[in-house]
Every structure is written in structure tokens, then in C-alpha cells.
Amino acid sequence: MAAVTYLEAIRQGIWEEMERDSSVFVLGEDVGVYGGAFKLTEGMLERFGEDRVVDTPISESAIVGAAIGAALMGMRPIAEMQFADFISCAFDQITNFAAKCRYRWGAGVPLVIRGPSGGGIHGGPYHSQNPEMHYVHTPGLKVVAPSTVYDAKGLIKSAIRDEDPVVYFEHKFLYRRLKEELPEGDWTVPIGKADIKRTGSDISVITYGAMVHLALEAAATLANDGIELEVVDLRTLVPLDKERVLDSVKKTSKVILLHEDVRTGGMAGELAAIIAEEAFEYLDGPIMRITAPDTPVPYSPPLEEFFLPKTSDIIRVARQLAAY
Amino acid sequence: MELNQQTLLDMLYYMKLTREIETRIERKLYRQGKIVGGVYVGRGQEAIAVGSAIQLEKDDCICPSHRDMGAFLIRGITPREIFAQYMGRRTGVTKGKEANMHMGDMRRGVIAFVSMLADTIPVAAGIAMTYKMRRQNNVVLCYFGDGATSRGDWHEGLNLASVQKAPVVYICNNNYYAYSTPLEKQMAVKDIAVRGAAYAMPGIIVDGNDAIEVFKATQEAIRLARQGGGPSLLECKTFRMTGHSAHDDVKYVPKELFAEWEKKDPILKLESSLLRQRVVSEDAVKKLAARITREVDEGLAMAENDPFPAQAETLEGVYADQNVEAPLAFANSFFSQER
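All of these numbers come straight from a predicted model, not from anything done at the bench.

## A word on the overall build of chain B
Okay, step 1: Helix and strand counts for chain B come out as 13 helices and seven strands.
Okay, step 2: Here the C-alpha radius of gyration of chain B, 21 Å, is about what a compact globule of 339 residues would show, namely 20 Å.
Okay, step 3: C-alpha extents for chain B along the principal axes are approximately 80 × 50 × 40 Å.
Okay, step 4: For chain B, the residues scored as buried account for 50% of the 339 residues in total.
Okay, step 5: Long-range contacts, defined here as pairs at least 24 residues apart, represent 75% of the contacts in chain B between residues at least 6 apart.

## As for the overall build of chain A
Okay, step 1: Counting its regular elements, chain A contains twelve helices and 14 strands.
Okay, step 2: Radius of gyration (C-alpha) of chain A: 19 Å, near the 20 Å computed for a compact globule of 324 residues.
Okay, step 3: Across its three principal directions, the C-alpha atoms of chain A cover 60 × 40 × 40 Å.
Okay, step 4: Within chain A, buried positions represent 56% of all 324 residues.
Okay, step 5: Contacts in chain A between residues at least 24 apart in sequence constitute 79% of all its contacts with a sequence separation of at least 6.

## Thoughts on the sheet that holds strand β13 (residues 255-262) of chain A
Residues and elements named next belong to chain A.
Okay, step 1: Here five strands make up an open sheet; going across it, the order is β9-β11-β10-β13-β14 and the pairing mixed. Across the chains shown, the open sheet's two edge strands, defined by having one partner strand only, are β9 (195-198) and β14 (288-292). Neighbour-to-neighbour, the strand axes of the sheet open up by a mean angle of 25°, direction not taken into account.
Okay, step 2: With three bridges connecting them, strand β10 (residues 203-207) and β13 associate as parallel partners.

## A few points about the interface of chain B and chain A
Okay, step 1: Each partner contributes to the interface: chain B provides 37 residues, whereas chain A provides 33 residues.
Okay, step 2: Examining the composition of the side of chain B that touches chain A, we find that nine residues originate from one element, helix α5 (residues 120-133) of chain B, more than from any other.
Okay, step 3: The residue makeup of the side of chain B that touches chain A, split by class, is 20 nonpolar, ten polar and seven charged.

## Remarks on the nonpolar core
Okay, step 1: Within the largest apolar cluster, 194 residues are counted, with the highest numbers of intra-cluster contacts made by A215 of chain A together with C142 and V168 of chain B.
Okay, step 2: Both of domain 1 (4-180) and domain 2 (195-323) of chain A provide at least three residues apiece to this core.
Okay, step 3: The contact partners of C142 of chain B, leaving out residues within four places of it in the chain, are C63, T120, I121, A124, V168, Y170 and I171 of chain B.

## Quick look at the packing of helix α2 (residues 46-53) of chain B against helix α9 (residues 211-226) of chain B
The description of two packed helices rests on the angle between their axes and on the distance between the axes.
Residues and elements named next belong to chain B.
Okay, step 1: The N-to-C vectors of α2 and α9 enclose an angle of 40°; their axes lie 8 Å apart at closest approach. Between α2 and α9, the crossing angle belongs to the class labelled oblique. Considering how the two elements wind past one another, α2 and α9 form a crossing that is right-handed. When α2 is examined against α9, the residues A47, I48, V50, G51 and S52 are found in contact with a partner set consisting of A211, V214, F215 and T218.
Okay, step 2: A per-class count over the contact of α2 with α9 returns six nonpolar, three polar and no charged.

## Some points on the domain arrangement of chain A
All names here are of chain A.
Okay, step 1: Taken as a whole, chain A is organised into domain 1 (4-180) and domain 2 (195-323).
Okay, step 2: Relative to domain 2, the C-alpha centre of domain 1 lies at a distance of 26 Å.
Okay, step 3: Counting residues at the interface gives 25 residues for domain 1, matched by 23 residues for domain 2.
Okay, step 4: Those elements that provide at least two residues to the side of domain 1 that touches domain 2 are α6 (132-136), β6 (142-144), α7 (149-161) and β7 (166-171).
Okay, step 5: Residues that form the side of domain 1 that touches domain 2 fall into these classes: twelve nonpolar, ten polar and three charged.

## Considering the packing of helix α1 (residues 6-20) of chain A against α7 of chain A
Residues and elements named next belong to chain A.
Okay, step 1: For the pair α1 and α7, the least separation of the axes is 8 Å and the interaxial angle reads 30°. Classified by the angle their axes make, α1 and α7 are roughly parallel. The interaxial crossing formed by α1 with α7 has right-handed handedness. Residues Y6, A9, I10, Q12, G13, I14, E16 and E17 of α1 lie in contact with α7, whose contacting residues are V149, A152, K153, I156, K157 and I160.
Okay, step 2: Considered class by class, the residues forming the contact of α1 with α7 number eight nonpolar, two polar and four charged.

## A few points about the sheet that holds strand β2 (residues 24-28) of chain A
Residue and element names in this part refer to chain A.
Okay, step 1: Strand order in the open sheet formed by seven strands is β3-β2-β4-β5-β7-β6-β12, with mixed pairing between adjacent strands. Edge positions in the sheet fall to β3 (53-55) and β12 (236-238), since each has one partner strand and no second. Across the sheet, the axes of successive neighbouring strands diverge by a mean angle of 20°, strand direction being ignored.
Okay, step 2: Where strand β4 (residues 76-80) meets strand β5 (residues 112-117), three bridges bridge the pair, whose relative direction is parallel.

## Remarks on the pairing of β4 of chain A
Residues and elements named next belong to chain A.
Okay, step 1: Where burial is concerned, most of β4 is hidden: five out of the five residues are buried.
Okay, step 2: Across the two faces of β4 the burial is the same, with R76, I78 and E80 and P77 and A79 all buried.
Okay, step 3: Sheet analysis places β2 next to β4, joined by five bridges and oriented parallel. The residue of β4 that forms the bridge with V26 is I78.

## A closer look at the environment of R19 of chain B
All names here are of chain B.
Okay, step 1: With respect to the helices and strands, R19 occurs in helix α1 (residues 5-29).
Okay, step 2: Among the residues examined, R19 registers 21 C-beta atoms within 10 Å and is labelled buried.
Okay, step 3: Residues R19 and R89, 70 residues apart in the sequence, show an inter-C-alpha distance of 22 Å.
Okay, step 4: Non-local contacts of R19, meaning those with residues more than four positions away in its chain, are made with R43, E46 and I267.

## Focus on helix α10 (residues 267-278) of chain A
Residues and elements named next belong to chain A.
Okay, step 1: The first and last C-alpha atoms of α10 sit 16 Å apart over twelve residues, in line with the 16 Å expected at 1.5 Å per residue.
Okay, step 2: Along α10, the residues classified as buried are M267, A268, L271 and I275. Along the axis of α10, the buried residues cluster in a sector spanning 90°; they form a single face. The exposed set on the far side of α10, more than 90 degrees from its buried face, consists of A273, A276 and E277.
Okay, step 3: Against the buried residues of α10 lie α6, β10, β12, α9 (242-252), β13 and β14.

What counts and how
Residues numbered from 1 in each chain as written. Chains lettered and ligands numbered in written order. Predicted model: local features only at pLDDT ≥ 70, side-chain atom pairs only at ≥ 80, totals over all residues. Helix = DSSP H or I, 4+ residues; strand = E, 2+ residues; numbered from the N terminus. Rg over C-alpha atoms; globule rule 2.2 N^0.38 Å. Buried ≥ 20, exposed ≤ 12 C-beta atoms within 10 Å, placed from the backbone. Contact = placed C-beta atoms within 7 Å. Pairing = 2+ DSSP bridges. Axes fitted to C-alpha atoms, helices over the stretch in contact; angles between N-to-C directions. Nonpolar A, V, L, I, M, F, W, Y, C, P; charged D, E, K, R; others polar. Core = buried A, V, L, I, M, F, W, Y, C linked by C-beta atoms within 7 Å. Domains from an automatic or database assignment. Parallel < 35°, antiparallel > 145°, perpendicular 65-115°, else oblique. Left-handed = near helix turned anticlockwise from the far one by under 90°. Expected span 1.5 Å × (residues − 1). Arc of directions from axis to C-beta.

Quick look at the structure:
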């Protein structure tokens, strides 16, 4: 079987779910005739028709609002944000309507909101953001951020089948850079389960999304020096796989928290609090964070390069922490 | 639906039932301290919800706002459930999770209102798009006030519904005040109905205090929607005969305006017209009043005896497949261990 890209894996996942379940449909800007800004929905209009591949006005709030209405009726809409940055326009519908329906009045909203996030493509402040924490902070949402081709497909399928609203951040830097052969048949990756992408005994690097690959690169380099990193890929930010995170920390006793999102209020802060509270007695060193600085994502190549966490950052911090 | 004697009587019943329930809530329970949260009533606006929702069919839906109690009642929400909702009881529509008019139940086709005005405008479009996808001949009635039309979601939602020819009737309770802000400070247009043109849908001005006129305008809009003609915008002109909520002393509204609109009371208008045309007798009206008092008394008595939810329910219902962890769960287990 031929290797497929991260982007193709998401497309396959959506396609298979649409074949399997007639209540699954996609809506968003340019998803139909054009096949999506990244061509992720290419061919879907021809296969599934206008009712199930809906080109919408540039109205993110109405896209999500309409998806909520359909989900309340038992449909399984997949709302595309053309760039994850634009999700801010739908913030109210997602956080106040979709997230709270089940709690407020017992109404399930089986909805997926997906969009390309992340930097490294010179997209500038509005085509590079990592807006996951707004949604991590909102009870009622599940938040997913796959790092591999396999996880991308398995998690989009789980997201579509989930009974609650799932915000699915796919990293656009990985879209066509990753390729992997996928197994045949109907399989999924469960939401809420982290994955150990590399086992190691010295330091746990807890991360997600595109940063997983930097952590793996750093781990390969450091192994030559006899420093073994354990790379924990969260895969799902909500619900968090606390058990797997804590198990890893208890094993290695040293932690680096790594993400591409900005520093303050990032996932690393939350993880640090959990580890400090629940694995305090196992720690042999300070909990270290490697994140983007608290700035918008800049455009110019040297600025963006400075902004994004780098493999060399991980290597340096890991060496210092190992020696601590 | 035909506007026959039975329909007219039903309309009078639901309008009076609305008035009675809201009067108890606002002027008794709230003042007695039995309602701890906000109270929002639609006194003087009862004709709009009732004249429209009365003609819905079983699988149709409503997206009501907080001054549309009649629409809830017509969809089968009971006085007991409403009182229990307001008093935070477990038997309330939302089991104590939500306040006041934020009631929803998909089995009865009622979508719960949220405080962010106009959020239900695109939601209604999505429900209606689903009807279309399923080739179901149903409609959504989506209610909102004049203030909601200032929000972006209102415009995004109307536009999407129109592009999709979604079977929705958008019904505005134009009661002249958005909290304390009068219409002329909310919008530069004189009539909200003119905004329909921007979205290529009929924009109809209706006397919102005339239940029969509301019925007829809605009937036409529903007919258009069921035929695939897309959404309509009905601007029902009315007046809010109270403050924004029970705590609002409403000093910003000139007294003359209340006096003027008191004369146009929608319940008196319908009742006197039905009496004049001998559709109902004085005796029937008395019986109707007695029935309403009895139903409201019974509902209230039951709700007052209904239990509050258990505190542990706070953590339930956020997700379908798991409960949320209690904040002190770790601390409790950590400090209880032998160390």
C-alpha cells in the first residue's frame, strides 16, 4: 500500500466516515467546488453532492452555528475553518453554544470543528496561530492535535464518531511533509489517549502536534550522548491522558514541556501544575518549559525562526537538565 | 392550520396562561425570594410567540428567546417545569443547570436560548438545512428581540439561511428597548423589516399586539418556507411592559409610553374581539380563567415541593462519556494516605 501524507490521511478519514454514515457532512469556506484551500476536501463534492459538501459564505460564526443546529438534529457535521486562526470569529458559538449544550440542557452536539494551525510556513500573524488553549479552557469541548499520519486519520474518525464537540487542530506544516503507509480497514485512534512516541529513561518530553517531531530529532541526537528522552505525544489535550503523563514523569523524574503555542497560559503551564501537584515527590529537577515567546507569530523568516521552538533548544535544555 | 374557533380559543388560553405564569414568577416568587436569579418576562408581547408557534407541527422546531414563554407552553413545556426551572429544582427543564428561560428539549423541538443574543439565528439555519437535506417538510421558528439584530451573528445567520433557502421564519419581538437603549440608539433604520431586503427575503411588519395578525403573517411565512421559498423576516412591533428584568426599575421609559401601550394590550385585544364576534361567551372566558388559575396553582405547588439537584450533579453532563473530576479529588486522596 502506498504511503499517504498527513493531509491525505485526514481526507481519507473524513471520506470513509461519509461513506459509512450518511449523517456526516462537511461545510466551510471553499470546501466544495474548490476542494478547500489546502485541497483537503477535493473530490468530495463530486462524490457526495451539494447537500453534504456545503460551500458557505465567509461567516465562521454562522458556519459553526449552522453545524450546531445540524448536530442537534442528529447530523454529524464537520465544520472547516480555512485557517485555525479564523476560529476566533466563531469563538462564541463554540464556547457558549456548542460546548455547553449537553451540560445546560442535555442536548448532544456531535460536531467536529477542524482547521489548519501552526507556523513554519511564513504565514504571518493570521495564518500561523495555535489557538488551542481557548478551547482547552472551555469545559464541554474535546481538543485534539495529531502529530502523525496514522494519528491524524485515526483521530479524525474518532472525532466524527464522538458524541461531543471536538476541536481538531491539524498542523499545516505537517500536511505534505509527512508520509506513512497506513493499515487497511476500519480503525481509529481513541480520543483521550496519549502515545509514547519514543521510550527513554532520563527525561520526559511532553508535547503534541508538530513539536513531536522536533522532540524525536532531539532524542536521536541525545541518544549518542547517552541521554535517553521519552517523548510523550499527548495527541488529545482534552480529555488529557493524565495517567500516561504522570507514569512517564514518575519513571524519568525529569520533565520538559514543549509546545509551539505561546508561553503564558499554554498547555505547558497546566501540565506543570498537574506534575507539581501529583508527582511532586518523584521530581529530581525543575519542570522546564520550551515554548514560543508571548508574541504574535511574526512573518519575516529570521523572526519566525526565532519565534518557533527548535530542536537545538530541546537538546540544550535536555543536556542541562540531565546534568542537574 | 386554519384560524378556526378552536385555534382562536387555544391562542387566548396560551396567552393568558403565559401572563399568569409570568405574573406569579415576577410579582410573587421573585419578590418572595424564591427565585434567586434573574427574571425576564414578555408582558405585553404574548401575541407574538402564541400567534406564531400555535401553527407548528410535531417535528418542527422553535428557537425561542427569553420573552417567548407562550412558544414553550405550546411545545409542551408545563407550568410545573417552568416554575421548577426558575427555582433551580431538579424537575426543571434543565435539572437545575440553567436559569430562567434558558430551557431546551430536543424531544419537544425546543432549542435552549443563550444570553449571547442572535446565537440561535445561524443555529436555526442549520436545523432548517437539516430538514432540507432529509427532504423533511418542516420549519423552524426563530425568535429574537430588536437588540439582537445589532449583533454580527444575526446578519451572518440570515445571510446563510437565505443563501441555503433554509425553511426558517425569523420573528422579531421589536419591543422598542434593548435593556435601556431605545431603538434609535440601536439602529439607524426605522424598521427592522427593511433588513430583510439585504438578505433577499421578505421583510414584513406586523402588529405584534394583534395575535390574529401575527398568526396570518406567520402562516404565510411558514407556507413559503415549506414550499422551498426560504426564510422570511417578520418584524412584530410591540412594547416591553416591564423593565428588562425584574430588578430593573425602568425609569428610562416615559410613563406615557406605558399608558399608550396598556391600551393595546394583546390579551384584551384578542379577548374583546372574540367576545364581540361571539366566538366565545363571557361564561367561556370565565371558565378559561378558572382553568388557568387551577393549572398554575397545581404546577406551582408541585414545583415548590420538588427537590433541588444533588451537589454531585455539578460534575455530571459535561461530556457524554465521562464525568468531570472534583477539584479536591487529588488533595483528598493524597493527604488520606499513610505517609
